[in-house]
Number of protein chains: 2
Amino acid sequence: MSSPGTTKQWILTSKPVGTPTITGENPTFTLRTVDLPPVKDGQILVKVLYFSNDAGIRTFIGTTVDSDRLYLPPVPLGTPMRSGIIGEVLESKSDKFKPGELIMEFHRATWSEKVVIDAEGVQPVAPLPAGISITHYLGAFGGSGLAGYIGLLDVAEAKPEHTIVVSAAAGATGSVVVQTAVKLLGAKRVVGIAGGPEKCAWVRDHLGAHACVDYKSPTFVQDLKAATPDEVNVFFDNVGGAVLDGVLTRMAKHSVIAVCGAVSQYNSEEPMALKNWFEVVSQRIIIKGFFMFDYLNKVPKAMEVLIGAAAAGTIKVDIEDVREAKIEDVPNVWAAMYGGANKGKSVTKLIS
Amino acid sequence: MSSPGTTKQWILTSKPVGTPTITGENPTFTLRTVDLPPVKDGQILVKVLYFSNDAGIRTFIGTTVDSDRLYLPPVPLGTPMRSGIIGEVLESKSDKFKPGELIMEFHRATWSEKVVIDAEGVQPVAPLPAGISITHYLGAFGGSGLAGYIGLLDVAEAKPEHTIVVSAAAGATGSVVVQTAVKLLGAKRVVGIAGGPEKCAWVRDHLGAHACVDYKSPTFVQDLKAATPDEVNVFFDNVGGAVLDGVLTRMAKHSVIAVCGAVSQYNSEEPMALKNWFEVVSQRIIIKGFFMFDYLNKVPKAMEVLIGAAAAGTIKVDIEDVREAKIEDVPNVWAAMYGGANKGKSVTKLIS
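Conventions we followed
Counting restarts for each chain: residues are numbered from 1 in the order of the written sequence. Chain letters and ligand numbers both follow the written order, the letters beginning at A and the numbers at 1. Where totals are concerned, whole chains, interfaces and linings use all residues; where local detail is concerned, this predicted model gives features only for residues with pLDDT of at least 70, and gives and counts side-chain atom pairs only at 80 or more. Side-chain metrics in this entry use all non-hydrogen atoms of the structure; hydrogen atoms and water are not considered. Note: two strands are recorded as paired if DSSP finds a minimum of 2 bridges between them. Helix and strand assignments come from DSSP, with helices taken as H or I runs of at least 4 residues and strands as E runs of at least 2, each series counted from the N terminus. Only the stretch in contact is used when fitting a helix axis, every axis being a line fitted to C-alpha atoms; angles between N-to-C directions are given from 0 to 180 degrees. Note on definitions: a residue-residue contact is assigned when non-hydrogen atoms from the two residues lie within 4.5 Å. The copies were overlaid by least squares, fitting only the C-alpha atoms of residues that reach a pLDDT of 70 or more in each copy. A helix is expected to reach a length of 1.5 Å times the quantity of its residues less one. Burial here depends on accessible area, computed with a 1.4 Å probe over protein chains only, as a share of the maximum for the residue type. Under 20% is buried, over 50% is exposed, and the range in between is partly exposed. Regarding the arc, it is the one traced by the directions from the helix axis to the C-beta atoms. Bear in mind that the domain bounds are from an automatic or database domain assignment. Summed over both partners, buried area is the accessible surface (1.4 Å probe) that two parts give up on being assembled. The rule for a salt bridge is simple: a side-chain nitrogen of Lys or Arg has to be within 4 Å of a carboxyl oxygen of Asp or Glu. Identification of polar contacts relies on pairs of N or O atoms within 3.5 Å, with a donor-acceptor requirement for protein atoms, meaning one able to donate a hydrogen and the other able to accept it, and with residues adjacent in sequence counted only if both atoms are side-chain atoms. Any residue outside Ala, Val, Leu, Ile, Met, Phe, Trp, Tyr, Cys, Pro, Asp, Glu, Lys and Arg is labelled polar, Gly included; the first ten of those are nonpolar and the last four are charged.

Trainee: Give a description of the sheet that holds strand 14 (residues 286-289) of chain B that names residues and reports values.
Mentor: Read from one edge of the open sheet, 12 strands run 10(A)-9(A)-8(A)-11(A)-12(A)-14(A)-14(B)-12(B)-11(B)-8(B)-9(B)-10(B), paired in mixed fashion. Two strands close off the open sheet at either side, each with one partner strand: strand 10 (211-214) of chain A together with strand 10 (211-214) of chain B. The sheet shows a mean angle of 15 degrees between the axes of neighbouring strands, taken without regard to direction. Of the strands in this sheet, strand 9 (189-194) and strand 10 of chain A are in contact with helix 4 (residues 220-227) of chain A, which crosses strand 10 of chain A at around 170 degrees. The strands touched by helix 3 (residues 197-205) of chain B within the sheet are strand 9 (189-194) and strand 10 of chain B, with strand 10 of chain B carrying the most contacts at an inclination of about 165 degrees.

Next comes the structure, spelled out in structure tokens:
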């Protein structure tokens, strides 16, 4: 068997402390050109069209969590950086796929122009109704959106009579949580938290939140109090840190915090500082960390509801942030997320 | 109606930031001599015999929690400091009690030599079997011990197959949690956390924990890891802060943290620093703040079990820390708790 050629790919060359880099003496990622392995029986060669930019992947390249305690294995040093992708089959030695077909893969693809992977477990990309872009399989209908939908309804068990607060409300997961709460659940009051007045206006006007509070404002906690006159029954938290600390002061008795992520901490060398932890006792708060993969049995129904609602126009999916980039720029587009660059799901469209 | 005389009592004269004091320009508490009010119909005059020293009361005199969000009302400035007591009835205008009888009261008594209170809601002190001191109604059979028993079994839902970790294991609540886990539940492995080798030895040898880890040791996290080879299914936390942060690294998937208190934070002006919050997501941890008063329907059975076990010698109650003090020293005995002075429940026996 001969190699199907070469590919550029990003290798994890050091575990970052703080913000990952691709420059300097000790870069987190290094671009290399490597020979692709021969395509064996049961495998496919895929040309990458889109990379999924996920905040959580930061935890798999260097974190305080022992590597054997992560919910997915970490990326070993010296190996290609992992990424979810949508791609086109170039060559197939599997009955499942033919050349020219589109596929998606969440765990075994990498930041490469082309990848060779086992076809088993790879998902075909079915066309979406109403002209909806297939890139939403990486966002609203992928891990990000499903975590929002399932986290809100099955983990936090949000009810129509609840006041619901969502952090990173303009993000890939938060935008689905806000819309699910407002438009599918019909919750009494839905309050987003986002960075800056422009994003907050968008969370209100475009996503339909009843209010949105700017966590960068010096009056964040007072603004949050004003926005939650009946306190908070469910807090869907993607952020942690000062945002979580502020919301703790507004949680109602016997309320629930669903912890989906802690993006404020991933690139931080400082521990998370909580002044208001005693609220957990005082209000008898239940905090539930969750991971969407524990709820795979809920996924088919969730996708059916979300895709149906998007096709009917009940929820908006025109909120992804697709940026064209050459392979050389892939890490920078991903890292820009942590600065709050994106509204909705961040996706990189690979160009040559 | 004439006054039944005077009493010395401690007034809350300023809300403390950090450690409460009774000296300096702005003391937290000030001792005054006041006229007792006349005893009205339905009321009793009580001579205080014992004060219950509770760590949690710190949160009612000055805290980050809005006063209208505390689980009991805060102590207003200029009013007597609240305390649980056991006392002797000196005068009664109630059918419920006769002079000479012993009573206990948890919420409406104060740091005073004598108090006048409504008899409604005051509990009679029934003799305990096997010569057990009635002071245990303030400890193992009072709020402290019941929070431990109910928190472990009903809130955290600990099971015999679990590894259970308990912080402040030598304290009033922790000592009941350890003994309930080892001797009543028969848990697979029970690990205490306490301050210093002497307390740790006592938690192991006297309370029966399988291991005890010293949180003051520079190797605390490594020691905890060695003591919990199968990770931790239930963490009963009285402490918060660095102790909680360390235990987060040992929690098993889908494990439970029952948060009873956060004694590390009560006198602290620093926010709680957590490096390991992402473990909540990674391990899908459930954190449940609780307050024993939400479980009053469980109290009669819990008291029956605990008193029966103590009378049978299955659990030890010779672990209270009763200190004699004049009224002038009452705040200092209470405050010594935060320095870890006590093993088991701290009780002040009032002497003249």
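Trainee: Can you explain the relation of the copies chain B and chain A? Please cite residues and give values.
Mentor: Rotating chain B by 180 degrees and translating it 0.0 Å along the rotation axis places it on chain A, where the RMSD comes to 0.1 Å. Taken together, the rotation angle and the small translation identify this as a two-fold axis. Of the residues that chain B buries at the interface, 100% are likewise interface residues in chain A, meaning the two copies contact each other through the same surface.

Trainee: An account of helix 8 (residues 299-312) of chain B is needed here, citing residue identities and associated values.
Mentor: All names here are of chain B. Between its first and last C-alpha atoms helix 8 spans 20 Å; for 14 residues at 1.5 Å apiece the expected length is 20 Å, and the two agree. Looking at helix 8, one finds that the buried residues are Val299, Ala302, Leu306, Ile307, Ala309 and Ala310. Within helix 8, the buried residues cover an arc of 160 degrees as seen down the axis, which keeps them to one side. Of the exposed residues in helix 8, the ones pointing more than 90 degrees away from its buried face are Pro300, Lys301, Glu304 and Ala312.

Trainee: Could you give an account of helix 8 (residues 299-311) of chain A, with specific residues and numbers?
Mentor: Residue and element names in this part refer to chain A. For helix 8, built from 13 residues, the straight-helix expectation of 18 Å at 1.5 Å per residue is met to within 8% by its first-to-last C-alpha distance of 18 Å. Buried residues along helix 8 sit against helix 1 (143-155) and helix 2 (172-185). Positive backbone phi, approximately 85 degrees, marks Gly313, located one or two places after helix 8.

Trainee: Could you give an account of the domain arrangement of chain A, naming the residues involved and the relevant values?
Mentor: All names here are of chain A. For chain A, the assigned domains read domain 1 (6-139 + 320-350) and domain 2 (143-293). Computed from C-alpha coordinates alone, the two centres of domain 1 and domain 2 are separated by 28 Å. The contact between domain 1 and domain 2 buries some 1,500 Å² in all, and 58% of this surface belongs to carbon and sulfur atoms. A per-residue breakdown of the area domain 1 buries against domain 2 is headed by Tyr71, Tyr338 and Lys343, which together make up 32% of the total. One can count one salt bridge joining domain 1 with domain 2. For the salt bridge of Lys343 with Glu198, the shortest nitrogen-to-oxygen distance reads 2.8 Å. Summed over the shared surface of domain 1 and domain 2, the result is seven residue pairs in polar contact (both at pLDDT 80 or more). Grouping the constituent residues of the side of domain 1 that touches domain 2 by class yields seven nonpolar, nine polar and four charged.

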